[in-house]
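Each chain is listed here by its residues.
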Amino acid sequence: MKWLFFLGVFVSLHSQNKQLLYGFKEVPQQLLLNPGGQVDYRGYIGVPILSHIHFNAGITGFSAFDIFADDGRDFNQKLREVAYSMDSKDFVGFNQQLDIFSAGFSVNTSLEDKLFISFGMYQESDIFTYFPKDYAILANEGNYNNLNRRFDFGQLSVSAEVLSVFHIGVNKKINTKWTLGIRGKIYSSIAQLSSTKNQGSFITVPTANNNLNHIFDLDMKLQTSGISFLREPDVNDELEVLKKRLLFGGNLGVGIDLGFTHQPAPEWTIDASLQDIGFINYSKDVKNFILDKYLEYDGVQSVFPQVTSGQTAQDYWDEVSSDFEELVEIDSTTTSYIKWRPIKLNSSVSYNFGRKINKECNCLDKLDPTFQNRVGAHLFAMKRPNHLQWALSLFYFRKFYKNLQIKTTYTVDAFSFTNVGLGMSAALGPVQFYIMADNLLEYQNLAKSQSVSLQLGFNYIFKNNEN
Amino acid sequence: MKTQSFFIKYISLLFVLGTCFSCIKDTDFEQYDTLIIYPIVEANLVNAQEPAASFVDSSGAELPSISDQVIFDVFNSDFSVDNLIKAELVFGITNSINKAFQIKMDFYDSADALQHTFSIDIDNSPTNTPLFTEHIEVFENMNLLALKSTHKLEITITMISNPTSVVLTPDSEGSILLVSKGVFYLKISS
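What counts and what doesn't
Residues numbered from 1 in each chain as written. Chains lettered and ligands numbered in written order. Predicted model: local features only at pLDDT ≥ 70, side-chain atom pairs only at ≥ 80, totals over all residues. Heavy atoms only, no water. Patch = residues over 30% accessible without salt bridge, like charges linked within 9 Å, V, L, I, M, F, W, Y side chains within 5 Å. Areas by Shrake-Rupley, 256 points an atom, 1.4 Å probe, with all protein chains shown as cover. Salt bridge = Lys/Arg side-chain N within 4 Å of Asp/Glu carboxyl O. Helix = DSSP H or I, 4+ residues; strand = E, 2+ residues; numbered from the N terminus. Buried < 20%, exposed > 50% of the residue type's maximum accessible area, 1.4 Å probe, protein only. 1 Å grid on protein atoms, 1.4 Å probe; cavity = no way out; pocket = protein on both sides within 12 Å on 5 of 7 lines; lining within 4 Å. Points joined across faces, edges and corners; volume = space filled by probe spheres on them. Nonpolar A, V, L, I, M, F, W, Y, C, P; charged D, E, K, R; others polar. Polar contact = N/O pair within 3.5 Å; in protein donor to acceptor, adjacent residues only side chain to side chain. Contact = heavy atoms within 4.5 Å.

**Q** Report on a nonpolar patch on the surface, specifying residues and quantitative values.
**A** Residue and element names in this part refer to chain A. On the surface, Ile45, Val47, Ile49, Leu50, Val431, Phe458, Tyr460 and Phe462 cluster together into a nonpolar patch covering about 600 Å² of accessible area. The greatest single-element share of the nonpolar patch, amounting to 3 residues, is contributed by strand E24 (residues 451–463). Examined against the element boundaries, phenylalanine 462 turns out to sit in strand E24. Under the relative-accessibility criterion, phenylalanine 462 is labelled partly exposed at 32%.

**Q** Can you lay out the layout of surface pockets for me, pointing to particular residues and giving the numbers?
**A** There is about 1600 Å³ of room inside the largest pocket. Considering the residues around the largest pocket, the lining is formed by 48 residues, among which Lys25(A), Val39(A), Asp40(A), Thr370(A) and Asn464(A) are closest to the centre. Per-class residue counts for the lining of the largest pocket are 13 nonpolar, 19 polar and 16 charged. The volume enclosed by the second largest pocket comes to roughly 1100 Å³. Lining the second largest pocket are 32 residues, and of these Phe216(A), Phe324(A), Val41(B), Ala43(B) and Phe79(B) sit closest to its centre. Elements supplying a minimum of two residues to the lining of the second largest pocket: helix H4 (133–141), strand E9 (211–225), strand E12 (286–297) and helix H6 (313–327) of chain A together with strand E2 (40–51), helix H2 (78–83) and strand E9 (175–186) of chain B. Looking at the lining of the second largest pocket element by element, the count peaks at 5 residues for E2(B). When its residues are assigned to classes, the lining of the second largest pocket shows 25 nonpolar, 6 polar and 1 charged.

**Q** Any details on the side chain of Ser164(A)? Residues and values, ideally.
**A** Residue and element names in this part refer to chain A. Considering the arrangement of structural elements, one finds serine 164 in strand E6 (residues 158–173). Take serine 164: its relative accessible area is 1%, and that puts it in the buried class. A polar contact of 2.7 Å, which involves the side chain of serine 164, links it to the backbone oxygen of leucine 246. Filtering out sequence-adjacent residues up to four positions away, serine 164 remains in contact with Met121, Tyr122, Gln123, Ile186, Tyr187, Ser188, Ile190, Arg245 and Leu246.

**Q** Let's hear about empty space enclosed by the protein: which residues, and what values?
**A** Residues and elements named next belong to chain A. Taken as a whole and judged by the stated rule, the model has 5 cavities of 30 Å³ or more. Taken as a whole, the largest cavity spans an internal volume of roughly 90 Å³. Contributing to the lining of the largest cavity are Gln16, Lys18, Leu32, Leu33, Gln97, Tyr122, Glu124, Lys185, Gln275, Asp276 and Lys344. Elements that contribute at least two residues to the lining of the largest cavity include exactly strand E4 (114–130) and strand E11 (268–282). In terms of residue class, the lining of the largest cavity is made up of 3 nonpolar, 3 polar and 5 charged. Taken as a whole, the second largest cavity encloses approximately 70 Å³ of empty space. Every residue lining the second largest cavity is listed: Tyr22, Gly23, Lys25, Gln30, Asn34, Gly37, Gln38, Thr261, Asp271 and Arg374. By residue class, the composition of the lining of the second largest cavity is 1 nonpolar, 6 polar and 3 charged.

Structure below.
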């Protein structure tokens, strides 16, 4: 159980921010973040399943340690403290990506002109939920000490999706200053659910004579697609369905990534990209649940039958209980729906310096004339249902020898102000291994960490002839 | 070249170790087993308002009592039986009739056996000004078990002769208002 939870926290992930990978031009997977990134190799083949493994999990407002610390304090007390210290803007996020295959190669259209084509397929899971504070307060306290308090049911905002993405990108170095790129994507959604446009409230209002009026105003919607296979009695059938959907048998969508790199001078680099400008049309295996009700309840009126004929308390109560039954009756539809993919922006500005000097001639080393150091700032932003998630990083990139590069980042985001990350790419011959992890300061005790991000992979690189 | 590969190996090792040996300390993830919440829910129950004339029949004679009953399947629902740890029924009675009353609440189970009963005495209001009486019936332990088996509730309002011997007529002033609500203390555990 402990390990399962650990995995849950570790694998659950927040931001999809890959500040270490972005702009790390030796690692081909950076082209997934910016199709217009610089490429200085002839081609690559990602080791299937192992070319890009990415986990990112994050929570705001608390860490697992706040709740699960083995400090002898009452668990429920700790949970309450955490729940009360959070607000409805706090969130929990999880993102995971796995490259199934990927490769790239350059195509010479003329002696000078070169296009770099890269393609592949990856699987992605994303779960995101805001903390529905009012639900937590209502569940924990009830309405007794909360008369006149409006419990906002709109705070429930949750989305989850598993999908596979097939992509093909073109990267073109226009001249020494500009590199442009575009990547087309086909999404195949395996399963999706979202409930992000909820409204409604519950309030208990005291009225005259010590009376109470309970007002339920519900306008909630849950959209799902592709989850009915979970009811398949046979696990093998479930796997069959999954396999089919992984390979374009799911709900399909299209999207593009755009990006560029601009080098106004050899020392300066400006780059930016937009990822996942696209949508998925959910039409297969769709089930939507709708709860759109309004009910006021102020007690059962007793009408004494000796006094008046007509409605008795029993009739009244029957009516009230059927009203309540109706209140929680959920309508369902199979109407198809469209969802935009969460669009992501990456951009960075960096300064390159420190060329290698050959000591023998005290001149620039001809074997590696590139800059050995790079410092810069990187901005990441992503559209979430109710807000824009952002992160700002400062980074330093250093080449040690030709086969080893290291990048370190300091990131400020909604999760922390103490996020230091380290990434490394090392090559032994043509085989490249890279690993990148952030929040290193928290690794002594991951439970205290509010976010964890890890990427690693293996590639086979075809270097340029001159290399 | 030697230093290079050494360097690569060293850094790689550092990374791999760092990732593998990152750990979670001083935590006990089993604690979640004991998740318990104690919400307190307040809800209106039965309300009634009767003018003085309600206690006079068509021939003009006083009715000694009026009563009504309601089948409530809330107290004996599975949810209540499992999670209700205490309940308070709060009655507020406002009387402006120049008659004293007794309000009696009888709790019957599904076999129509009386499980619990209590009554509230209401003073008369000689000048027809509203007089407020509050009664809180607390259900704990045995009482609570009685409440959890309650299927039917009967309310009886009985007139008590008062010292002034006023006799109600269809034109008598005042009314009796009954408002009741329940405060339910729940314990819900995961």
